[in-house]
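Spelled out from the first residue to the last, the chains are:
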Amino acid sequence: MDDVDLLVHGDFLYPVSDGMPIVAGGEVAIADTRILYAGPRKPDGSWRAGRVVGGAGKAILPGFVNAHCHTASLIFRSQTDDHAARSALFDVAFRMEKDVSDEEWALLAELGCADMLRAGVTAINDIWYAPHRLAETVERCGLRAQIANKVFDVRLEALRDGDYAHDAARGERRLRDGVDFVARWHGAAAGRITGRIGAHATDTCAPELHRAARVEATRLGVGLHIHAAQSLGETEQIRAAHGCGPLEYLRDLGVLGPDVVLAHLTYATDADLDAVRETGARYAHCPTIYPRRGRYPRLEDILARDIVAGFGTDWMMNDPFEGMRNAMNAMRLRLGDPSALDCARALWMHTMGAARVIGLDAEIGSLEPGKKADLILVDIDRPHLQPYYGAYAALVYYARASEVVTSVIDGQIVLEDGRPTRLDEPAARAAVAGRTPDWRRRLEMLGSRAVFGPGCACCL
Ligand SMILES: [Zn+2]
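The rules behind these values
- Residues numbered from 1 in each chain as written.
- Predicted model: local features only at pLDDT ≥ 70, side-chain atom pairs only at ≥ 80, totals over all residues.
- Heavy atoms only, no water.
- Buried < 20%, exposed > 50% of the residue type's maximum accessible area, 1.4 Å probe, protein only.
- Helix = DSSP H or I, 4+ residues; strand = E, 2+ residues; numbered from the N terminus.
- Contact = heavy atoms within 4.5 Å.
- Donors = N, O, S within 2.8 Å, 3.2 Å for Na, K, Ca; no water.
- Tetrahedral: all angles 85-135°; square planar, octahedral: opposite > 155°, others 65-115°.
- Polar contact = N/O pair within 3.5 Å; in protein donor to acceptor, adjacent residues only side chain to side chain.
- Pairing = 2+ DSSP bridges.
- Axes fitted to C-alpha atoms, helices over the stretch in contact; angles between N-to-C directions.
- Left-handed = near helix turned anticlockwise from the far one by under 90°.
- Nonpolar A, V, L, I, M, F, W, Y, C, P; charged D, E, K, R; others polar.

Novice: Account for helix H6 (residues 232–242), naming residues and giving values.
Specialist: Listed in full, the buried residues belonging to H6 are Gly233, Glu234, Thr235 and Ile238. Looking at the buried positions of H6, the neighbouring elements they touch are helix H1 (85–97), strand S9 (224–228) and helix H7 (246–253). Count one or two residues on from H6 and you reach Gly243, which has phi positive near 75°.

Spelled out as structure tokens, the structure:
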């Protein structure tokens, strides 16, 4: 009989491991922070467990890995959803962001972390403002996170007027803040928190700032996190200024490599995708935002090039189940092929695939002995999931984030009965609700259409 700290039981175990299919009647044994065993349930008495969770009516799967997100971005919920990417960024987000304080980002991050945990996300790769404040919440709530400060040197609010004046001092200051963040937080919370250098986007940093960010990331031994080919405004700006696509541009600057996470690639050309493949840079694909913006990235061409790719949630919406289904639906509609992107592959891309994207696939992304114990329990004892036959399709096509009832990260229970165990979620909700009238007023001053609804005379 072996001693373990935590024993997790489920009717079905989805290891998402190459060597192991779905297991009916599975268990995961956890010692300290790591998985000791994952497989068919052993006879009673095989383990002496500190605690047992799960059981009948539960499915066990790896926690979702979120390869690209902005945890505190929920301030923009319902404010950009009818916009093209360019307008969402240039007209609303970029003009609002500059006046949001670190204190406000901190309380938004608190609620955002609760949202991530409830959605079954166990690891995030975040680039945003006030990274220290997000890190403090992550440390407390038990999430695993890679975090980067948002580095840029333009006046984001001026981009809508075509003003791309680069201010070197602003860029240096924001990069220095990013470096300080990594120095303080990389490896913190017993390794749950790691840092990245976040060069916001191809067009919002001057070439010198992109190179400087690359130098700092290499010196610190961390990766880069960059938005690339996200909007038409960005790609047109890069082509006008540099005569090539955004990814060709980053490659020619010497910025790209296997430690670079590229978000979006929505407007990437063949030459751009070849640049990504040549350099080994990795791709975070965020399936829920693209249909909303009316343009879906060429995921089939990206996968055909063997570019390492996984899913993220980007901003405002954090349901991985919705994301997997959006990806499958979009690919099938795009290609007219119902076999495009099957559900096992979709689950892989939000777990192992996303873990590869952020360079943590040796530690997380699947349930295998030796890996970190990051897993979730899904309540499959719900009417809309019956009869539950146990296939990937049973979970990926039919389950929702609201069925995630337990989350274990680093061997610790951080979500129980569907509620974060280490966050005061009611207080976080109340804090956000208390600020909402002020945010509404500020958004109204920007003319944000969704404050009143489409069709309003004040609309952008
Ligand atoms: Zn993003």
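The discussion continues.
Novice: Summarise the coordination of the zinc ion; cite the residues concerned and give the values.
Specialist: The coordination sphere of the zinc ion, as far as protein atoms go, consists of His68 (NE2), His70 (NE2), His227 (NE2) and Asp314 (OD), spread over 2.0 to 2.3 Å. Classification of the site at the zinc ion as irregular follows from its four donor atoms and the range of 88 to 170° in their angles at the metal. Binding-site remark: the zinc ion is held by donors from one chain whose sequence spacing is H-x1-H-x156-H-x86-D. Placement of His70 in strand S5 (residues 64–70) and of His227 in strand S9 is noted, with a sequence separation of 157 residues between them. Of the residues examined, His70 reaches a relative accessible area of 5% and is grouped as buried.

Novice: Hey, could you go over the side chain of Thr288 for me, with residue numbers and the actual values?
Specialist: Here Thr288 shows up in the loop between strand S11 (282–285) and helix H9 (289–293). Among the polar contacts made by the side chain of Thr288, one reaches the side chain of Asn326 at a distance of 3.0 Å. Excluding residues within four positions of it along the chain, Thr288 makes contact with Met317, Glu322, Gly323 and Asn326.

Novice: Go over the sheet that holds strand S17 (residues 419–420) with me, naming the residues and quoting the values.
Specialist: Taken together, the eight strands give an open sheet; going across it, the order is S3-S2-S1-S4-S14-S15-S16-S17, and neighbouring strands pair in mixed fashion. At either margin of the open sheet sits one strand with a lone partner, and together these are strand S3 (34–40) and S17. In terms of strand pairing, strand S4 (residues 47–62) meets strand S14 (residues 375–379) through five bridges, oriented antiparallel. Bridge pairing in S14 places Ile60 opposite Leu377.

Novice: Now, about the packing of H7 against helix H8 (residues 270–279): what can you tell me, with residues and values included?
Specialist: The relative placement of two packed helices is expressed as an angle between their axes plus a distance between the axes. Two numbers describe how H7 lies on H8: the axes approach to 7 Å, and their chain directions differ by 35°. For the pair H7 and H8, the sense of crossing is left-handed. Across from Pro246, Leu247, Glu248 and Arg251 in H7, the residues of H8 making contact are Ala271, Asp272, Ala275, Val276, Glu278 and Thr279. Within the contact of H7 with H8, the residues separate by chemical class into five nonpolar, one polar and four charged.

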